[in-house]
Amino acid sequence: MNAVAHPTHIVDPGQAARAGAVLTIDLDAIAANYRLLAERAAGAVVAGVMKADAYGLGMARVAPALVRAGCRVFFTAHVDEGIRLRGIVPADSTIYVLHGPPPGTAADFLEHGLTPVLNDPGQVREWSALCARIGRRLAAAVQADSGMSRMGLAPADLAALGDPRDWLAAFDPVLLMSHLACADVPDHPMNARQRLRFDAIRAQFPAMPASLANSSAVFLGPDFHYDLARPGAALYGINPQPGHANPLRQAVSLDARIVQVRTIEAGAAVGYGARYVAEGTRRIATIAIGYADGWLRALSGRGSAYIDGVHVPVAGTVSMDSITLDVTGIPDARLQPGMSVELLGPHQHVDDVAAEAGTIGYEVLTRLGARFERRYVGG
Ligand SMILES: *Cc1c(COP(=O)(O)O)cnc(C)c1O
C-alpha cells in the first residue's frame, strides 16, 4: 500500500485545529494513476470522470491536476456539474454530461460548451430540435444499453428510432458508448455478453468512436478499451480488481483529532445504545469525526483506526460528530487532546474501510464530508 503525505501527530493550530479532521488529497497520486491508466489503455483516449465533485475529492483541484497529466476529456453526471467544470478546465476540453439534457435544458449545453450523452429517444429529439433551431450540427454522444438496464437506448428504443443513419444526421455523433455491470469481476459472463451486444450495436453505427470501459474494464484487456476509456474510481486509488493487488496509488488520507480520553472499568458502557460494555479496565479515546462527516454508522463496533500504525478498534456506536476508540495500551503521551488518529492513510485504505462497512470504496469516498479541513498536496 502506498503512503500519502501524512500530517504530524499534533494537528497544527489555526483552521485545522478548529476542524474535527484533516482530509489530505494527493494530486500527484491522482496524476500518476491517470498516467498508469493511459498506459494500460494505450491506443485509447483516457477521460477523467468528475461526477460527484470528483468522487468527493474536489473537482476544482483534481481536474487541473488531470489536465497537467494530459487529460482533455471529462465526464460529469449532471448539467450543473458540467457548467462548474467548464470554468475549471481549458476551453478545448470536452465535457460530457452522462445524464444527458433534462427536458428544457438543451440550451444550457450550447451556452456552456457541454456535450450531452443522449440516453433515450426524448433526449435525441430534444438535441435534434436544438440543432435544427440554430442550424448547427452540435456534438453529442449516444449511449446504448448493452445489458445493465440503467441508462441508454434500449433495444426497443433503437427499433423505434429506426435507421441510425437517418436520425444521427440531425447532430454530430461523436461517441457511441455503453456501460458494464460487472467489470470488477473479471471472469463474470456479463462482461463478454455485454461486449458482444455492444459490438452488435456498433455495427448499426458505423464510423462512430466507441467507449465501454470504466476503471475496472481498463484491466479487462484491450478488447474492452475501444477508442475512449472512462475511469473514475481508479484515478482516486480504488482497487479496480478487488481480490488482486491494487496497482494504483492511494490518493487520500484522513486524520481526526482526539477530543478526550478516559479510563473505564469493567461493566462500563460506551456510546449510544450502550452496545459496547468493557470486560476489564479500558482506555477510551473520543475522536472528532462521525456519521455527519460521512464516516458510516455501519462502522459501529467494527471500524478501525490507527495510532502510529497500531490498530485501535471502534468501541460502540458511531455518533453524529464523534467516535469512541479502544486505545488501551497506547501510551498517554500519544493520546493528548488535539493529537491525530489515522482513519485513512498508510495503514488503512478506502477499500479496507468499505469492506468493514459492508460497502464499496466508491461510497466511502463520495461520503467524505464538507466539514473536514482539506489539504491538497502535490500538483
Ligand atoms: C461512473 C461512471 C464511470 C466511471 O466508473 P468507475 O467505475 O468509477 O471508473 C464510467 N462510465 C459511466 C457511464 C459511469 O456512470
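Values in this document were obtained by computation on a predicted structure and should not be read as measured data.

Chemist: Looking at this structure, how should I read the packing of aromatic side chains?
Modeler: To describe a pair of aromatic rings, you give the distance between the ring centres and the angle between the ring planes. Within this structure, the stated rule accounts for 6 aromatic pairs. Plain terms: the ring middles of Phe109 and Trp127 are 5.8 Å apart, the flat faces sit at 75 degrees to each other, and that makes the pair edge-to-face. With Phe109 in helix H6 (residues 106–112) and Trp127 in helix H7 (residues 121–134), the pair connects residues that are 18 residues apart, well separated along the chain. Of the two residues examined, Phe109 and Trp127, each falls in the buried class. Ring pairing ties together the aromatic residues Tyr55, Tyr236 and Tyr362, which thus form one cluster.

Chemist: Help me understand the environment of Met339 in this model?
Modeler: Inspection of the secondary structure assignment puts Met339 in the loop between strand S17 (323–326) and strand S18 (340–344). For Met339 and Arg275, which are 64 residues apart along the polypeptide, the C-alpha to C-alpha distance reads 26 Å.

Chemist: How should the site of the ligand be read in this particular structure?
Modeler: Among the 13 residues in the neighbourhood of the ligand, the closest are listed as Lys51, Tyr55, Ser215, Ala233 and Tyr362. At a separation of 2.8 Å, an oxygen atom of the ligand approaches a polar backbone atom of Ala233. Protein chains bury 94% of the 390 Å² of accessible surface belonging to the ligand in isolation. Looking at side-chain class alone, the shell around the ligand contains 6 nonpolar, 4 polar and 3 charged residues.

Chemist: It is not clear to me how the environment of Val45 should be interpreted in this structure. Could you clarify?
Modeler: Examined against the element boundaries, Val45 turns out to sit in strand S2 (residues 45–46). Distance in space between the C-alpha atoms of Val45 and Arg72 is 9.0 Å, their sequence separation being 27 residues. Not counting residues within four places of it along the chain, the set of residues in contact with Val45 comprises Val73, Asp227, Leu228 and Ala229.

Chemist: What exactly am I supposed to notice about the pattern of salt bridges here?
Modeler: Close approach of charged atoms allows side chains of opposite charge to pair. Across all of its chains, the model carries 12 salt bridges by this definition. Its salt-bridge partner being Arg202, residue Asp199 comes within 3.0 Å of it at the nearest N-O pair. Here the residue Asp199 and the residue Arg202 both occupy positions in helix H10 (residues 189–204), the gap between them amounting to 3 residues, near one helical turn. Looking at Asp199, the relative accessible area reads 25%, which means it is partly exposed. Each of Arg195, Asp199, Arg202 and Asp223 takes part in one network of salt bridges that share partners.

Chemist: Looking at this model, I keep getting lost on the pairing of strand S11 (residues 252–264). Mind explaining?
Modeler: Along a regular strand, successive side chains alternate from one face of the sheet to the other. In this sheet, S11 lies alongside strand S1 (residues 21–26) in antiparallel orientation, the contact comprising 5 bridges. Counterpart to Leu23 in the pairing with S11 is Leu254. With 4 bridges connecting them, S11 and S18 associate as antiparallel partners. Paired with Ala256 across the two strands is Val341, which belongs to S18. Relative to strand S14 (residues 282–287), S11 runs antiparallel, the two sharing 6 bridges. Bridging from a neighbouring strand, Arg262 pairs with Ile284 of S14.

Chemist: Is there a simple way to think about the UniProt feature "active site" (unreviewed entry) in the protein in this case?
Modeler: In this structure's numbering, the residues bearing the UniProt feature "active site" (unreviewed entry) are Lys51 and Tyr272. Across 222 residues of sequence, these annotated residues are also dispersed in space, with a maximum C-alpha separation of 34.9 Å. You can see Lys51 is positioned in helix H3 (residues 51–55). Using a relative accessible area of 29% as the deciding quantity, one classes Lys51 as partly exposed. Inspection of the secondary structure puts Tyr272 in the loop between strand S12 (269–270) and strand S13 (276–277). The residues contacting Tyr272, other than those within four sequence positions of it, are Thr317 and Ser319.

Chemist: I keep staring at the sheet that holds strand S3 (residues 48–49) and nothing clicks. Help me out?
Modeler: In a beta sheet, neighbouring strands pair by backbone hydrogen bonds and run either parallel or antiparallel. The strand order S3-S4-S5-S6-S7-S8-S9 describes an open sheet built from 7 strands, whose pairing is parallel. This sheet does not close on itself; its edge strands, each paired only once, are S3 and strand S9 (210–211). In terms of strand pairing, strand S7 (residues 139–143) meets strand S8 (residues 172–177) through 5 bridges, oriented parallel. Residue pairing for S8: Ala140 is matched across the bridge by Pro173.

Chemist: Just to check I follow, could you spell out the domain arrangement of the protein for this structure?
Modeler: A common way to report how large an interface is uses the accessible area buried once the components associate. Partitioning the protein into domains gives domain 1 (41–236) and domain 2 (252–377). The straight-line distance from the C-alpha centre of domain 1 to that of domain 2 is 39 Å. If you look at the interface, domain 1 gives 9 residues, while domain 2 gives 6 residues. Together domain 1 and domain 2 conceal approximately 770 Å² of surface at their shared face, both sides included; 63% is due to carbon and sulfur atoms. Looking only at domain 1, the three residues that lose the most surface to domain 2 are Tyr55, Leu57 and Arg61, adding up to 57% of its buried area. At the surface where domain 1 touches domain 2, the tally comes to 0 salt bridges. Applying the counting rule to domain 1 against domain 2 returns 2 residue pairs in polar contact (both at pLDDT 80 or more).

Calculation notes
- Residues numbered from 1 in each chain as written.
- Predicted model: local features only at pLDDT ≥ 70, side-chain atom pairs only at ≥ 80, totals over all residues.
- Heavy atoms only, no water.
- Phe/Tyr/Trp six-rings, centres within 6.5 Å; stacked < 30°, edge-to-face > 60°.
- Helix = DSSP H or I, 4+ residues; strand = E, 2+ residues; numbered from the N terminus.
- Buried < 20%, exposed > 50% of the residue type's maximum accessible area, 1.4 Å probe, protein only.
- Near = heavy atom within 4 Å.
- Polar contact = N/O pair within 3.5 Å; in protein donor to acceptor, adjacent residues only side chain to side chain.
- Areas by Shrake-Rupley, 256 points an atom, 1.4 Å probe, with all protein chains shown as cover.
- Nonpolar A, V, L, I, M, F, W, Y, C, P; charged D, E, K, R; others polar.
- Contact = heavy atoms within 4.5 Å.
- Salt bridge = Lys/Arg side-chain N within 4 Å of Asp/Glu carboxyl O.
- Pairing = 2+ DSSP bridges.
- UniProt positions renumbered as here; feature names shortened; annotations may be inferred.
- Domains from an automatic or database assignment.
- Buried area = accessible area lost by both parts, 1.4 Å probe.

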